[in-house]
Amino acid sequence: MRTYTRVLIIVFFLSSFCISTTSAQNWYKGNLHTHSLWSDGDNFPEMIAEWYKSNGYNFLAVTDHNRLQEGDNWRTVPGGFLTADVFNKYKEKFGEKYVEVKKEENDITKVRLKTLSEYRSRYEEEERFLLINGEEITSSYGGLPLHVNGINTKEVIPRQYGNSLSEVLQHAVNTTLMQRKRTGQKMFPILNHPNFWKAYTALDIMKVQNARFFEVQNGLLQTGSYGDHNHDSTEIMWDKVNLQLIKQGRPLLFGVAVDDSHNYHQFGPLFHNPGRAWVMVNAPRLEAAALIDAMEAGRYYASTGIVLKDLSVTEKQISLIVQSEVDVVYTIQFIGVRKGSEKATVLKQVTGTEASYTLHEQDLFVRAKIMSSKFPKNPHKPGDYETAWTQPVSQLAIPYNAPE
């Protein structure tokens, strides 16, 4: 009798978990990879925050290379990515009382970049817009770029070193998670654009322990999300990695879509523009900790334009409804790997705005990909169509436990 009661309690707990992760639909749109004049972006962080807020985003992480937006940072005008025109627009918008300028020898003008703590109150609004601290941990191995985004970090994480590609990535992941455990502040690492300079492969990702996220879609043409004849696309990498993670009894890898924006004045395929790719997170409130909890649980999808009216996910089923637009055709694919196979295939395809898939005993994992017949406003590659990706689910997946 005691055993039966214990089983009922466990079943009730699991049922409650499934309901809590699928019933609430409280979506927040955000970008987790952005650059400003604090590193190699071409605009002031205030102007960037305003762009994202005015374009319907709910949260933004500015992730400059190997630094947080803190301390004194004076930039020469004009100099580097800062042009006189950009500086004048900044002064015109905020006024001379706000903009700090100093003159140096030879009539050199310098402007001080505001820190995140100084400008965030101008843009943050409860349940409307949130700014999140972040950094692109920028390292390399053998001349290849190895970048990992630390999201909601509290302290700067320096360039990492190691004896292999995967070891450098592992150190960046470990350092981020150790900071999380030490400070008690929730944060997570993202493995960035593996095809940038064809730096690392699915095999390299498989070797990295405790990596929960990677960029399945990056808004830069140069990052090569679609691969080529000799290199896998990031989607193919994603499925290869998750097949091995299932076999090894490790948690699944989730995919994010990001802008990796650098250019805010000129738009087109050759420029690193905002507005190309983002995540939609189903969280109870617009707070960094709540967003992180939701993403680590897989309660989000990645998109380059498609919006989902409803997304319900359990370990056994994916159901979704697309928020349709007039004269746009939608194709929904359920992609996964079955036992005995070493390659992901389309397990079910539906033309329409609503579809669901129930996992079979033979399914190792399944994810949904939604494609449309609509071109994005500013595609990162000519010929792109708006697309969205849900996170993979599996009845065999090991739960992810982030350090607390």
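Structure report, in brief.

Thresholds applied
Residues numbered from 1 in each chain as written. Predicted model: local features only at pLDDT ≥ 70, side-chain atom pairs only at ≥ 80, totals over all residues. Heavy atoms only, no water. Axes fitted to C-alpha atoms, helices over the stretch in contact; angles between N-to-C directions. Helix = DSSP H or I, 4+ residues; strand = E, 2+ residues; numbered from the N terminus. Parallel < 35°, antiparallel > 145°, perpendicular 65-115°, else oblique. Contact = heavy atoms within 4.5 Å. Nonpolar A, V, L, I, M, F, W, Y, C, P; charged D, E, K, R; others polar. Salt bridge = Lys/Arg side-chain N within 4 Å of Asp/Glu carboxyl O. Buried < 20%, exposed > 50% of the residue type's maximum accessible area, 1.4 Å probe, protein only. Pairing = 2+ DSSP bridges. Arc of directions from axis to C-beta. Polar contact = N/O pair within 3.5 Å; in protein donor to acceptor, adjacent residues only side chain to side chain. Phe/Tyr/Trp six-rings, centres within 6.5 Å; stacked < 30°, edge-to-face > 60°. Lys NZ or Arg CZ within 6 Å of the ring centre and 35° of its normal.

## Side note on the packing of helix H2 (residues 45-54) against helix H3 (residues 84-94)
Axis separation between H2 and H3 bottoms out at 10 Å; the angle between their running directions is 70°. Classified by the interaxial angle, the pair formed by H2 and H3 is roughly perpendicular. Contact residues: H2 offers Glu-46, Met-47 and Glu-50, while H3 offers Lys-89, Tyr-90, Lys-93 and Phe-94. When its residues are assigned to classes, the contact of H2 with H3 shows three nonpolar, no polar and four charged.

## Here's the deal with the pattern of salt bridges
Opposite charge on two side chains lets them pair, provided their charged atoms get close. Applying the stated rule across the entire model yields 24 salt bridges. For Glu-125, the salt bridge goes to Arg-128, with nearest N and O atoms at 2.9 Å. Arg-128 sits in the partly exposed class, given a relative accessible area of 43%. Two residues, Lys-374 and Glu-325, come together in a salt bridge whose shortest N-O distance is 2.9 Å. Of the two residues, Lys-374 sits in the loop between strand E19 (363-372) and strand E20 (387-390) while Glu-325 sits in the loop between strand E15 (317-322) and strand E16 (330-338), which places them 49 residues apart along the sequence. On the basis of relative accessibility, which here comes to 26%, the residue Lys-374 falls in the partly exposed class. A single salt-bridge network, built from bridges that share partners, covers Glu-100, Arg-112, Lys-114 and Glu-118.

## Let's talk about the sheet that holds strand E3 (residues 74-77)
The three strands are arranged E3-E5-E4 in an open sheet whose pairing can be described as antiparallel. Both edges of this open sheet fall to E3 and strand E4 (101-104), since each of them pairs with a single strand only. On average, adjacent strands in this sheet sit at an angle of 35° to one another, irrespective of strand direction. In terms of strand pairing, E3 meets strand E5 (residues 108-112) through four bridges, oriented antiparallel.

## Focus: helix H4 (residues 116-123)
Every buried residue of H4 is accounted for by Leu-116, Tyr-119 and Tyr-123. Angularly, the buried residues of H4 cover 90° about the axis, an arc narrow enough to put them on a single face. Counted as exposed and oriented over 90 degrees from the buried face of H4: Ser-117 and Ser-121. In this structure, the buried residues of H4 make contact with H2, H3 and strand E6 (130-132).

## A short note on the side chain of Ser-166
Inspection of the secondary structure assignment puts Ser-166 in helix H5 (residues 165-183). When its relative accessible area of 11% is taken as the criterion, Ser-166 is described as buried. Among the polar contacts listed, one links the side chain of Ser-166 to the side chain of Ser-164, at a separation of 3.4 Å. Contact partners of Ser-166, with chain neighbours within four places excluded, come to Asp-204, Lys-207 and Val-208.

## Some remarks on the packing of aromatic side chains
Summed over the entire model, instances satisfying the criterion amount to 17 aromatic pairs. Residues Phe-213 and Tyr-300 carry aromatic rings whose centres are separated by 6.2 Å and whose planes lie at 55° to one another, so their mutual orientation is tilted. Highlighted residues: Phe-213 in strand E10 (residues 213-218) and Tyr-300 in strand E13 (residues 300-303), separated in sequence by 87 residues. The buried category is assigned to Phe-213, whose relative accessible area is 0%. Three or more aromatic residues joined by ring pairs form one cluster here, namely Phe-44, Tyr-90, Phe-94 and Tyr-98. One Lys or Arg, Lys-29, reaches over the ring of Tyr-57 and ends 4.4 Å from the middle of that ring. Stacked on the ring of Trp-278, the Lys or Arg Lys-29 has its end atom at 3.9 Å from the ring centre.

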